[in-house]
Each structure stands twice: as C-alpha cells, then as structure tokens.
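Below are the chains, spelled out letter by letter.
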Amino acid sequence: MLGNFTYHNPTKLYFGEDSLKYLRDELGNYGKNVLLVYGGGSIRKNGLYDEIIAVLKECGKNVTEVPGVMPNPTSDKLIEGVAVARGCKADFILAVGGGSVCDYSKAVSVSVNCNDDPWEKYFIRFEEPDCEIIPVGCVLTMAGTGSEMNGGSVITNHEKKLKIGHVFGDDVMPKFSILNPRYTMTLPKYQMCAGIYDIFNHICEQYFSGEDDNTSDYISEGLMRSLIHSSRIAVKDPQDYEARSNIMWTATWALNTLVSRGKTTDWMVHMLGQAVGAYTDATHGMTLAAVSLPYYRYIMPYGIKKFARFAAEVWGISRDGRSDEQLAEEGLSAMEGWMKEIGLVTDLKTLGATEDMIDGIADATLILDGGYKVLDRDEIVKILKASMG
Ligand code: NZQ
Ligand code: ZN
C-alpha cells in the first residue's frame, strides 16, 4: 500500500541550452554579496567561469570566490568556506559544478550562522539547522547526484575516516538550478559513467524495498529504462545532445524526493560506497558500482519477487518458462553486462582498497533497515570481501 506522505519540492529548474539566461533574473531576488563556489578548475577551462562572472558583474554583485572544492568535499574545506562566507557577509551562494560543489555549498549555507561545530551537529548528530540559512542556487556541470534538486549534502572527514550524508529539508534545497546538458559534455568519460551509475543506483536504492503494487516502482522502471538506453548512446558518442539531456533529466528525477514517496527505501549500497569513499577517496559512482553486484546477489533471496520484476520490466527478460529465481539471476547478469559495457569499475581493488582496510570500512558503514535484509557486521565484511575482485 502506498503510505501517507507530503510532497513539496521548492527548487525551480531551468533546463536546456539557453538556461543560463535565467541567472540574471534569479540573482535579482537576492542580496549584493555573492559567494561563488566551484571545483578544481573545469569551469575555468571550458569557459563557464567567464560567462558566470560576466552575469554577476552585470547584476552589480560583490563576488567572493571559494574555488577548489574537491570531489568528496571535506570537513576541513567546509571550515574554510564558512570563514570566507562570514568574512564577505555572503547573502547568496552560487554553486557552479557537480554534486560535490552543490553539496558543499549547502553545507556552508547551514554553517555560516551556526555557533556549533557543523561536522558534529549535522553529520554526526544529524540535527536540523536552527540558524539563518544562506540561500543557494546551482549551475550544474555534471549529471549524477541529484543534488541540484534535493537537500542532500555529503561531507568527508579524513581524520575520522568517515563520509556521511545529511538530507536537509526544504529550506536547504537549492532555490533554483540551471541545467544545461551541454555543460556536461566536457566531463571525462570516467566521470560521465560514474555519474550514470550513481543515477541508476539512486533508483535501485528506492526500488529494492517493499513488495507493494506501487506507482513509484513503475516510475522507477521507466527512469531505469531511459537511462540504460541513453547511457549506451552517450558512451559511444558523448556529444549526443539527446542522450546527454535525457541522462541529466533522469539524474534529477532519480533523487529529487519523488520516487521515494509512500514507500520504504534501502540505501545500503550507498552506505557501503560512502565507507569505501572515506578510506579511498574514490569517485562516488564507482564505489557504488564496485559493491553493487555482491550486495544485490546477497540480498536477492530476501526480495526475490522484486528482483524477478526488475529482470522482466527493466531488462526485458521474458517471464515464460522461468522461475522467479531464474529471472532474478538473469536480471542481475543483464545489469552486470551493462555495467561492464559502459566501462564501470566493478571491484574495490581497482579503486585502491586493500584487504587491511576491510575492517575499517565495515566499521564506517552505517547499517540501515529499509531494504530486504538488515545486514549484520559479518555480512557487511562478506560483501566487502566479495567486492574486492
Ligand atoms: O572540480 P572540477 O574541476 O570541476 O572537476 C570535477 C571533478 O573532478 C569534474 N567535473 C564536473 N563537471 C565537469 C567536470 N569536468 C569537466 N567538465 C565538467 N562539466 O568531475 C569531477 C567529479 O565532480 P563531483 O562534483 O565530485 O561529482 P559528482 O557530481 O558525482 O558529486 C559527487 C559527490 O556528491 C555526493 C557524493 O558522495 C560525492 O561526495 N553525493 C551527493 C548526493 C546528494 N546531494 O543527494 C547523493 C549522492 O548519492 C552522492 O552521495
Ligand atoms: Zn549516489
């Protein structure tokens, strides 16, 4: 049965090749002091930085920059950004980049006026902000996380060897996001594919739970089919606008709070992947790809009907003459074939994990109870060992 829920997503989206033209109007809604947040330099190389600065100048903004937000942004970098935001009395944060830049900007936005240690408050105690939040807007350059239309913010603490996400509420979600698929075309193929798998797994995390006849699951199947189709085109021709735009739009819908409405969700692949990330600093989507097949093969018997449905509805495998068990296994084999076809990393060793990290990674894995099987620590170790390759 579809559970009771409230649905409200406050982020306004501008999608398409001309979407940057809306930035000027949006900036008019906020104060003069803008904190411009971006990553390690891709926006300088592809010219987007110059375009953004020109708009900010035209709008008469005082611009202060926080460059160098790294993939898997850290708690140390958060402290640095908060100090810069306080120094310039930021009225508005403009995030220009991928999920890391968007996530980081949200973390800064709730920390500037917070008297507590943000890492402890938001990422250890999972408290909600009780201070003024600086509004955030995004110009997205990478499709994957859904951070452009959700309240998620994932921060890594290298000292504690933890990578933790907090899903904040409506007030922290971006006020607007500008999504131009052309901006994603300068992504290295490795990042494009990691993003594609991140999208796919966001859908899986919300699909592999519950056994009800649920509209969300039908939406999820459609999103997965579209993504598989477009990914195959984009891998062959990264400049295919139709494929890249479908991937970008699917990424937003995969994790913008819609498909989880009224149902339980799993998120254990992400818990495993984040713990791997805390130890290896590997690319998020690849950490998910490396643990997924051992995880899903392990929990499959506990959710056999859904895995059979996945095989039939997402991978188009005929139900005729097949038991649920056969179907379920063939579905995961089809998924494995697609993962290899698009060039995902499917083992942890390639990502820099070593056997002596397994205990620590297992300890850093948060155990959630929304999926088909609540894992214990021994099972987590078993899955991690099977993921080493
Ligand atoms: O830093 P720059 O130079 O910009 O380079 C980035 C970075 O090296 C590069 N890149 C991005 N757009 C580009 C580009 N290079 C060329 N052209 C472009 N157009 O790509 C690299 C990766 O970028 P990053 O932002 O780290 O990737 P992604 O979007 O996958 O974000 C990953 C972070 O988001 C978190 C992850 O854990 C990770 O920390 N997540 C956030 C979620 C959320 N908010 O809901 C959910 C996700 O599950 C995820 O956990
Ligand atoms: Zn993810």
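The coordinates are above.
A quick note: this is a predicted structure, and the numbers were derived from the prediction, not measured. Residue numbers restart at each chain and count upward from 1, following the sequence in its written direction. As they are written, the chains are lettered A onward and the ligands numbered 1 onward, keeping that order. It should be noted that, the model being predicted, local features are given only for residues of pLDDT at least 70 and side-chain atom pairs only at 80 or more, the latter also being counted only at that level, while totals for whole chains, interfaces and linings use all residues. Neither water nor hydrogens contribute to the side-chain values; these are computed over all heavy atoms in the structure.

Student: Any chance you could break down the sheet that holds strand S2 (residues 33–38) for me, citing the residues and the numbers?
Tutor: In spatial order, the strands read S1-S8-S5-S4-S2-S3; together these six strands make up an open sheet with parallel pairing. Bordering the open sheet on either side are strand S1 (12–15) and strand S3 (62–66), each of which pairs with just one other strand. The sheet shows a mean angle of 20° between the axes of neighbouring strands, direction not considered. Pairing between strands requires that DSSP locate at least two bridges from one strand to the other. Strands are runs of DSSP state E lasting at least two residues, helices are runs of H or I lasting at least four, and both sets are numbered from the N terminus onward. Pairing of S1 with strand S8 (residues 176–179) involves four bridges; the strand directions are parallel. Paired with leucine 13 across the strands is serine 177, a residue of S8. Most of the contacts of helix H5 (residues 99–111) go to strand S4 (residues 92–97), to which it runs at about 165°, and overall it touches S2, S3, S4 and strand S5 (136–140). A fitted line through C-alpha atoms serves as each axis, taken over the contacting stretch for helices, and the angle formed by two N-to-C directions is quoted from 0 to 180°. Two residues form a contact once any of their heavy atoms are found within 4.5 Å.

Student: How would you sum up the environment of aspartate 266? Please name residues and give values.
Tutor: Note on placement: aspartate 266 falls in the loop between helix H9 (241–254) and helix H10 (268–280). For aspartate 266 and threonine 346, which are 80 residues apart along the polypeptide, the C-alpha to C-alpha distance reads 20 Å. With residues near it in sequence (within four places) discarded, aspartate 266 still touches Glu205, Phe208, Ser209, Tyr295, Ile299, Leu368, Gly370 and Gly371. Among the polar contacts made by the side chain of aspartate 266, one reaches the main-chain amide nitrogen of methionine 268 at a distance of 3.1 Å. Polar contact criterion, stated in full: a pair of N or O atoms within 3.5 Å, where within protein one must be able to donate a hydrogen and the other to accept it, and residues adjacent in sequence count only if both atoms are side-chain atoms.

Student: Please provide a residue-by-residue account of the packing of aromatic side chains, values included.
Tutor: In this analysis, rings of Phe, Tyr and Trp, with Trp reduced to its six-membered ring, are considered paired at centre separations within 6.5 Å, and the interplanar angle assigns stacked below 30 degrees, edge-to-face beyond 60, and tilted for intermediate values. Scanning all chains against the criterion turns up 24 aromatic pairs. Their ring planes at 75° and their centres at 5.3 Å tell us that tyrosine 122 and phenylalanine 168 sit as a pair that is edge-to-face. Pair noted here: tyrosine 122 is in helix H6 (residues 118–124) and phenylalanine 168 is in the loop between strand S7 (162–167) and S8, with a separation of 46 residues, a long-range link. For the pair formed by tyrosine 122 and phenylalanine 168, the shared burial category is buried. For the pair phenylalanine 123 and phenylalanine 168, a centre-to-centre distance of 6.5 Å together with 85° between the ring planes defines the contact as edge-to-face. Of the two residues, phenylalanine 123 is situated in helix H6 and phenylalanine 168 in the loop between S7 and S8; the sequence distance between them amounts to 45 residues. Summarising the burial analysis for this pair, phenylalanine 123 and phenylalanine 168 share the class buried. To sort residues, take the accessible area from a 1.4 Å probe on protein chains only and compare it with the maximum for the residue type: under 20% means buried, over 50% means exposed, and anything in between is partly exposed.

Student: A description of the environment of serine 42 should follow, citing residues and the corresponding values.
Tutor: Tracing the chain through its elements places serine 42 in helix H2 (residues 42–45). Given the relative accessible area of 46%, serine 42 is considered partly exposed. Once the C-alpha coordinates of serine 42 and threonine 186 are considered, the two residues, 144 residues apart in sequence, prove to be 8.3 Å apart.

Student: Report on the coordination of the zinc ion (ligand 2), specifying residues and quantitative values.
Tutor: Only Asp198 (OD), His202 (NE2), His270 (NE2) and His284 (NE2) from the protein reach the zinc ion (ligand 2) as donors, at distances of 2.0 to 2.2 Å. Any nitrogen, oxygen or sulfur atom within 2.8 Å of a metal ion counts as a donor, with the limit raised to 3.2 Å for Na, K and Ca, and since water is left out, coordination shells can look unfinished. Expressed as a motif, the donor residue spacing for the zinc ion (ligand 2) is D-x3-H-x67-H-x13-H. Placement of the pair is aspartate 198 and histidine 202 together in helix H7 (residues 189–207), with a separation of four residues, close to one helical turn. In this structure, aspartate 198 and histidine 202 share a single accessibility class: buried.

Student: Help me get a handle on unusual backbone geometry, residues and values and all.
Tutor: A positive phi angle, near 60°, is found at asparagine 72, a position not held by glycine. With respect to the helices and strands, asparagine 72 occurs in the loop between S3 and helix H4 (75–87). Positive phi, close to 80°, is recorded for threonine 257, a residue that is not glycine. Position of threonine 257 relative to the elements: it lies in the loop between H9 and H10.

Student: Go over helix H12 (residues 304–313), please, and point to the residues and values.
Tutor: Counting buried positions along H12 gives eight out of ten residues, so the element sits mostly inside the fold. By the burial criterion, the buried members of H12 are Ile304, Lys306, Phe307, Ala308, Arg309, Phe310, Ala311 and Ala312. Check the buried side of H12 and you find it contacts H7, helix H8 (215–236), helix H11 (284–299) and helix H13 (324–342).

Student: How would you explain the site of ligand 1 if you had to name every residue and give the values?
Tutor: The nearness test applies per residue and asks whether one of its heavy atoms lies within 4 Å of the molecule or strand. If you check the shell around ligand 1, you find 29 residues, and the closest are Gly40, Ser42, Gly99, Ser100 and Asp103. Between ligand 1 and leucine 187, the relevant distance is 3.5 Å, taken from a nitrogen atom to a main-chain nitrogen or oxygen of the residue. Here an oxygen atom of ligand 1 and a side-chain polar atom of histidine 284 are 3.0 Å apart. Accessible surface is estimated by sampling points in the Shrake-Rupley manner with a 1.4 Å probe; for residues, cover comes only from the protein chains shown. Here ligand 1, which alone exposes 960 Å², has 89% of that area covered by the protein. Mapped onto the shell around ligand 1, the elements with two or more residues apiece are H5, strand S6 (152–157) and H7. Here the nonpolar group is Ala, Val, Leu, Ile, Met, Phe, Trp, Tyr, Cys and Pro; Asp, Glu, Lys and Arg are the charged ones; every other residue, Gly included, is treated as polar. Taken together, the residues that form the shell around ligand 1 break down as eight nonpolar, 18 polar and three charged.

Student: So what's going on with a nonpolar patch on the surface? Residues and values would help.
Tutor: To count toward a patch, a residue needs a relative accessible area over 30% and no salt bridge; like charges are then connected within 9 Å, while nonpolar side chains (Val, Leu, Ile, Met, Phe, Trp, Tyr) are connected within 5 Å. Any Lys or Arg side-chain nitrogen found within 4 Å of a carboxyl oxygen on Asp or Glu counts as a salt bridge. Side chains of Leu2, Phe5 and Tyr7 sit close together on the surface and give an oily, nonpolar patch of about 260 Å² of accessible area. Inspection of the secondary structure puts tyrosine 7 in the segment before S1.

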